[in-house]
Amino acid sequence: MSLLDVDGLTVEFPTRRGVLRALDRVSFSIAPGEVLGVVGESGAGKSLTGAAIIGLLEPPGRIAAGQIRLEGGRIDNLSPDRMRRVRGKQVGAIFQDPLTTLNPLYSVGRQLTETMQAHLPLSGPEARRRAVRWLEDVGIPAAAQRIDAYPHEFSGGMRQRVVIALALCAEPRLVIADEPTTALDVSIQAQVIALLKRLTRERGLSVMLVTHDMGVIAEAADRIAVMYAGRVIEIGAVADVVRNPSHPYTVGLMGSIPSLDVRVERLRQIDGAMPRLNAIPPGCPFNPRCPQVFDRCQVERPDLMPARQTEAACWLFDPAPAHG
Amino acid sequence: MAEGRIVLEAIEASRSFDVSRPWLQRMVAREGRRVLRAVDAVSFAVTVGRTLSLVGESGCGKSTVGRLAVGLYEPSGGEIRFEGQSLSTARAQPALRRRMNMIFQDPYASLNPRWRVSDIVAEPIRAFRLLSGRDVQDRVGQLLTQVGLSPRDGEKYPHEFSGGQRQRVSIARALSSEPEFLVCDEPTSALDVSVQAQILNLMRDLQARMQITYLFISHNLAVVRHMSDLLGVMYLGRIVEYGPGESIFAAPRHPYTRLLLDAIPDLGMAGSTRARTPVGGEVPSPINPPSGCTFHPRCPLANARCRAEVPKHTRDGDVLAACHAVEEGRGAG
Ligand SMILES: Nc1ncnc2c1ncn2[C@@H]1O[C@H](COP(=O)(O)OP(=O)(O)OP(=O)(O)O)[C@@H](O)[C@H]1O
Ligand SMILES: Nc1ncnc2c1ncn2[C@@H]1O[C@H](COP(=O)(O)OP(=O)(O)OP(=O)(O)O)[C@@H](O)[C@H]1O
Ligand code: SF4
Ligand code: SF4
Ligand SMILES: [Mg+2]
Ligand SMILES: [Mg+2]
């Protein structure tokens, strides 16, 4: 059974100019011990998906339809109090903006021990020992000496590592990691990824890993979901999506990665921009930019369907083309 | 590389920060002042229409060099020159100030949350009186379109955008004053690869068309390779390897550059169990840097001389490297 099931998740923002649908029937699941990489156009809804799962959508944003289930039980309709308990104990979160997670008034050690003791039966000294170990695990040098330091005494990259330790220390089953390594250079990045991989192996931790760094995805993820304009448009095993993408957007995305081995005059790019939320075209949302667009794409919306090795939301893969 | 007029030049530029604790606490603990050397005697020169990139681990001083280069920090030693003039004199002239700008690393902190995006982007245009009336709004719409947003996004406030969309707003703002020299501090790390490709292509098109000179900072080495003419590899405030990007990527000389290149994840890893080589050890504290070559605690080639003597830059082909092993010709390859 999967650990997390997201089923038809739809998120809307009511505004003066009408309702904006930012997520539109997003569905995927994550198995125990699995890392699901989430990639896609900036503004596609990756962070919103993460926020909806951990119950931290900012008003006026709201879940308009769909379900989120953790180990079979719904978590999208819990009271704020019960959701707070799920967060931390069952689901940990690493946000895109590290500064919002840390409390500037408390030492790093206090934040770690309090988080652990809120969820695990630990004595004070044991919690402190573990806090030091977590800091070492995320690559903070001289952790035992720095445990009583305050967040502002750490550099940006070090603060991000503390946030990662904080998300993991209560031993949740699932971690939502939104760009956890973007602020980190390659050497620390390698260490953080190795830690996440170890926890998936040893403790069956599941991870939803949002990142723009395809190298990180290739190294860390088991499967990838590709998002575009609030929808999942392709999903599959990491090697298949990276090497053999089916959806024309994914093909364009993989083609625009700069290579370390060859230097080209111009990077390949997908021309145009993702549609604004209030101007998503009918049919396939990628149709204004798609090199393979045909009549049906302008009128009917494709859902995920089997496409070569992956699943893709694209009419090119419909075995029974519509008539007329 | 000697071609072209030099736009920006750093001559042994340094920048220190006083990170002492408050006076009373220092007295109680009987400690002296503590100074952090964020940038230590850095020299480089960028010619017109070219790109110098800086790479190196977090905390090595890249952003500090960027701020020195546009005059947001005064050097505590050495000098920065813009078109041959000392930057402190150049900055006093509004006409020269307009010609340089910076895209900041943190898209969250660098946009005023209470301003509409159109006002944020228009601010340099108004401040330097480049356009007036309706022309301002037209220009703003054009800039937003160039970075892949829509002119109508100008009505919104920063919090209504995703992380990457906010970064595009700050790029549009930096371009709005039509700078000739632009410091780009991690301009695309918040962007997905397709938007990144658009922005990098745009930056290179503008460079070709308007001869813009870039100081480009990124920890994504593939992006750096794509963008740079010149490359500077920084470690603990110093440039340890400097030269044409292509020469350094083809044959890195300095042991640190080699470790950095080995630590990059790549797409070939998809679905495989191969692990990349992490750079061993940690960046030491810049308050108390190691003796001699500051890289020696992590360097596989370190010896007694490295622990005692600071390596000077030596030339190997068109590349400068600060390393005893390179100078002595041992351990290359
Ligand atoms: N408070 C809000 N009001 C209106 N629209 C919003 C609000 N917050 C987010 N959005 C919109 O929702 C969409 C999805 O945003 P989200 O932050 O999930 O993108 P993302 O995929 O994480 O992008 P990035 O890669 O740039 O971080 C964006 O188009 C954004 O403009
Ligand atoms: N205003 C300041 N006061 C005190 N120390 C500072 C200040 N600005 C930078 N530093 C220190 O100077 C060093 C270099 O910082 P800088 O921001 O230039 O690094 P960076 O190479 O840009 O790192 P990153 O890749 O994390 O952005 C760090 O040790 C940092 O803590
Ligand atoms: S459905 Fe049509 S427009 Fe959409 S991606 Fe497929 S071919 Fe392109
Ligand atoms: S000088 Fe010595 S320690 Fe420094 S990089 Fe060269 S070999 Fe290594
Ligand atoms: Mg996001
Ligand atoms: Mg920086």
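Described in the following lines is the structure provided in the data block. Position numbers for residues count from 1 along each chain, tracking the sequence in the order it is written. Chain letters start at A and ligand numbers start at 1, both assigned in the order the entries are written. Two thresholds apply to this predicted model, a pLDDT of at least 70 for residue-level local features and 80 or more for giving and counting side-chain atom pairs, whereas whole-chain, interface and lining totals are computed over all residues. Side-chain measures here rest on the full set of heavy atoms in the structure, leaving out hydrogens and waters.

Regarding its fold elements, chain B presents 13 helices and twelve strands. Seen along its three principal axes, the alpha-carbon backbone of chain B occupies a region of about 70 × 55 × 40 Å. Per-residue and other accessible areas follow the Shrake-Rupley method at a 1.4 Å probe size, with only the shown protein chains counted as cover for residues. Of the accessible surface of chain B, which amounts to about 14100 Å², a share of 51% is contributed by carbon and sulfur atoms. For the charge count, each Lys or Arg is scored as positive and each Asp or Glu as negative, with His and the chain ends excluded. One atom stands in for each charge, and that atom is NZ of Lys, CZ of Arg, CG of Asp or CD of Glu. A distance of 4 Å separates the average location of the 41 positive side-chain charges in chain B from that of its 35 negative side-chain charges. Labels follow the DSSP assignment, with helices taken as runs of H or I lasting at least four residues and strands as runs of E lasting at least two, numbered in each case from the N terminus.

From N to C terminus, chain A includes ten helices and twelve strands. Against the 2.2 N^0.38 benchmark of 20 Å for 324 residues, chain A shows a C-alpha radius of gyration of 21 Å, consistent with a compact globule. Relative accessibility under 20% of the residue-type maximum defines a buried residue, over 50% an exposed one, and the middle range a partly exposed one, all with a 1.4 Å probe and only protein chains included. Here chain A, with 324 residues, has 55% of them falling under the buried criterion. The contact rule is simple, with two residues in contact once any of their heavy atoms fall within 4.5 Å. Counting contacts in chain A only where the partners sit at least 6 residues apart, residues at least 24 apart contribute 63% of the total. The centroid of the 37 positive side-chain charges in chain A is displaced by 4 Å from the centroid of its 35 negative side-chain charges. For this measure, only C-alpha atoms enter the radius of gyration; the expected value for a globule follows 2.2 Å times N^0.38, where N is the number of residues.

A few words on the side chain of Lys-156 of chain B. Among the secondary structure elements, Lys-156 of chain B is positioned in the loop between helix H6 (134-146) and helix H7 (163-176). Judged by relative accessible area, Lys-156 of chain B falls into the buried class, the value being 16%. Setting aside residues no more than four positions away along its own chain, Lys-156 of chain B makes contact with Arg-276 of chain A together with Arg-116, Val-117 and Phe-161 of chain B.

What follows covers helix H5 (residues 117-127) of chain B. Residues spaced three or four apart along an α-helix face the same direction, because each turn holds 3.6 residues. Residues and elements named next belong to chain B. Those residues of H5 that fall on the buried side of the exposure criterion are Val-117, Ser-118, Ile-120, Val-121, Ala-122, Pro-124 and Ile-125. Tucked inside the fold, the buried residues of H5 contact H6 and H7. Positive phi appears at Arg-129, one or two residues downstream of H5, with a value of about 50°.

All names here are of chain B. Patch membership needs two things, relative accessible area over 30% and no salt bridge, and members are linked within 9 Å if like-charged or within 5 Å if nonpolar (Val, Leu, Ile, Met, Phe, Trp, Tyr). We define a salt bridge as a side-chain nitrogen of Lys or Arg found within 4 Å of a carboxyl oxygen belonging to Asp or Glu. Residues Trp-23, Leu-24, Met-27 and Val-28 make up a contiguous nonpolar surface patch of about 490 Å² in total accessible area. Along the chain, Trp-23 turns up in helix H1 (residues 23-29). The exposed category is assigned to Trp-23, whose relative accessible area is 56%.

Residue and element names in this part refer to chain A. Interaxial angle, 0 to 180 degrees, is taken between N-to-C directions of lines fitted to C-alpha atoms, where a helix line uses only the stretch in contact. Their axes nearest at 9 Å, the elements helix H3 (residues 108-119) and helix H4 (residues 124-137) cross at an angle of 115°. In the crossing of H3 with H4, the sense of the turn from one axis to the other is right-handed. Along the contact surface, H3 presents Val-108, Leu-112, Thr-113, Met-116 and Gln-117, while H4 presents Gly-124, Ala-127, Arg-128, Arg-130, Ala-131, Trp-134 and Leu-135. Lys, Arg, Asp and Glu make up the charged group, whereas Ala, Val, Leu, Ile, Met, Phe, Trp, Tyr, Cys and Pro make up the nonpolar group; the residues left over, Gly among them, are polar. A per-class count over the contact of H3 with H4 returns seven nonpolar, three polar and two charged. Less than a right angle of anticlockwise turn of the near helix away from the far helix marks a crossing as left-handed, whereas a clockwise turn marks it as right-handed.

Taken together, the contacts link 55 residues of chain A with 54 residues of chain B. Summed over both partners, the accessible area (1.4 Å probe) lost when two parts come together is defined as the buried area. Here chain A meets chain B over a buried area of about 4400 Å², counting both sides, of which 52% is carbon and sulfur. Where chain A meets chain B, there are three salt bridges. Salt-bridge contacts for Arg-266 of chain A lead to Asp-205 of chain B; the nearest nitrogen and oxygen are separated by 2.8 Å. Think of a polar contact as two N or O atoms within 3.5 Å of one another; within protein, one of them needs to be a possible hydrogen donor and the other a possible acceptor, and neighboring residues in sequence only count if both atoms come from side chains. Viewed at the interface, chain B and chain A are joined by 13 residue pairs in polar contact (both at pLDDT 80 or more). Put simply, the parts of the chain that give the side of chain A that touches chain B at least two residues each are helix H6 (156-168), helix H7 (186-203), helix H8 (214-220), helix H9 (238-243) and helix H10 (248-255) of chain A.

This part takes up the environment of Leu-144 of chain B. Summarising the element assignment, Leu-144 of chain B is placed in helix H6. Residues contacting Leu-144 of chain B, with those up to four places away along its chain left out, are Val-117, Val-121, Leu-149, Ser-150, Pro-151, Gly-154 and Ala-172 of chain B.

All names here are of chain A. Two strands form a pair only when DSSP identifies at least two bridges running between them. Reading across from one edge, E2-E1-E4-E5 is the order of the four strands in this open sheet, with antiparallel pairing throughout. Edge strands, defined here as strands with exactly one partner in the open sheet, are strand E2 (18-30) and strand E5 (73-74). Direction of pairing for strand E1 (residues 4-15) relative to strand E4 (residues 62-70): antiparallel, over a ladder of seven bridges. In the strand pairing of E4, Asp-5 is matched with Arg-69.

Glancing now at the site of ligand 4. Neighbouring residues of ligand 4: 13 residues in total, closest Cys-293, Cys-299, Cys-306, Cys-323 and His-324 of chain B. Within the shell around ligand 4, the residues separate by chemical class into ten nonpolar, three polar and no charged. Distances are taken per atom, and a residue is near a molecule or strand as soon as one of its heavy atoms is within 4 Å of it.

Turning to the site of ligand 3, a few remarks are in order. Contacts to ligand 3 come from His-247, Pro-248, Cys-284, Phe-286, Asn-287, Cys-290, Gln-292, Cys-297, Cys-314, Trp-315 and Leu-316 of chain A. In terms of residue class, the shell around ligand 3 is built from eight nonpolar, three polar and no charged.

Our next topic: helix H8 (residues 193-210) of chain B. Residue and element names in this part refer to chain B. A helix is expected to span 1.5 Å for every residue after the first. Compared with an ideal rise of 1.5 Å per residue, which puts 18 residues at 26 Å, H8 spans 25 Å between its outermost C-alpha atoms and is within 8% of the ideal. Burial within H8 is extensive, with 14 of its 18 residues counted as buried. Of the residues flanking the end of H8, it is Gln-211, one or two places downstream, whose phi is positive at about 55°.

Moving on: the packing of aromatic side chains. In summary, the pairing rule links any two rings of Phe, Tyr or Trp, Trp by its six-membered ring, whose centres are within 6.5 Å, and it sorts them by plane angle into stacked for under 30 degrees, edge-to-face for over 60 and tilted for everything else. Within the structure shown, the criterion is met by eight aromatic pairs over all chains. With a centroid separation of 5.4 Å and 75° between ring planes, the pair formed by Phe-17 of chain B and Tyr-73 of chain B is classed as edge-to-face. A residue pair is termed long-range when its members are at least 10 positions apart, and Phe-17 of chain B in strand E1 (residues 6-18) and Tyr-73 of chain B in the loop between helix H2 (62-69) and strand E4 (77-82) qualify at 56 residues. On the basis of relative accessible area, Tyr-73 of chain B is assigned to the partly exposed category, the value being 24%. Three or more aromatic residues joined by ring pairs make a cluster, and in this case those are Tyr-228, Tyr-249 and Phe-286 of chain A. If you follow Arg-110 of chain A out to its NZ or CZ, it ends over the ring of Tyr-106 of chain A, 3.8 Å from the centre. Here, a charge over a ring means that NZ of Lys or CZ of Arg falls within 6 Å of the ring centre while also lying within 35 degrees of the ring normal. The ring of Trp-315 of chain A has Arg-296 of chain A lying over it, and the distance from NZ or CZ to the ring centre is 3.6 Å.

Bringing the pattern of salt bridges into the picture now. Taken as a whole and judged by the stated rule, the model has 44 salt bridges over all chains. Across the pair Asp-137 of chain A and Arg-198 of chain A runs a salt bridge whose closest N-O atoms are separated by 3.6 Å. Of this pair, Asp-137 of chain A sits in helix H4 while Arg-198 of chain A sits in helix H7, and the two are 61 residues apart along the sequence. For Arg-330 of chain B, the salt bridge goes to Glu-328 of chain B, with nearest N and O atoms at 2.6 Å.

Turning our eyes to something else, we now look at the packing of H6 of chain B against H7 of chain B. Residue and element names in this part refer to chain B. Two numbers describe how H6 lies on H7: the axes approach to 9 Å, and their chain directions differ by 130°. Between H6 and H7, the angle falls in the class oblique. Every pair of crossing elements has a handedness; the one defined by H6 and H7 is right-handed. Taking contact as the criterion, the partners of Arg-139, Leu-143 and Leu-144 in H6 are, on H7, Ala-172, Leu-175 and Ser-176. We call two directions roughly parallel when the angle between them is under 35 degrees, roughly antiparallel when it is over 145, roughly perpendicular when it lies between 65 and 115, and oblique otherwise.

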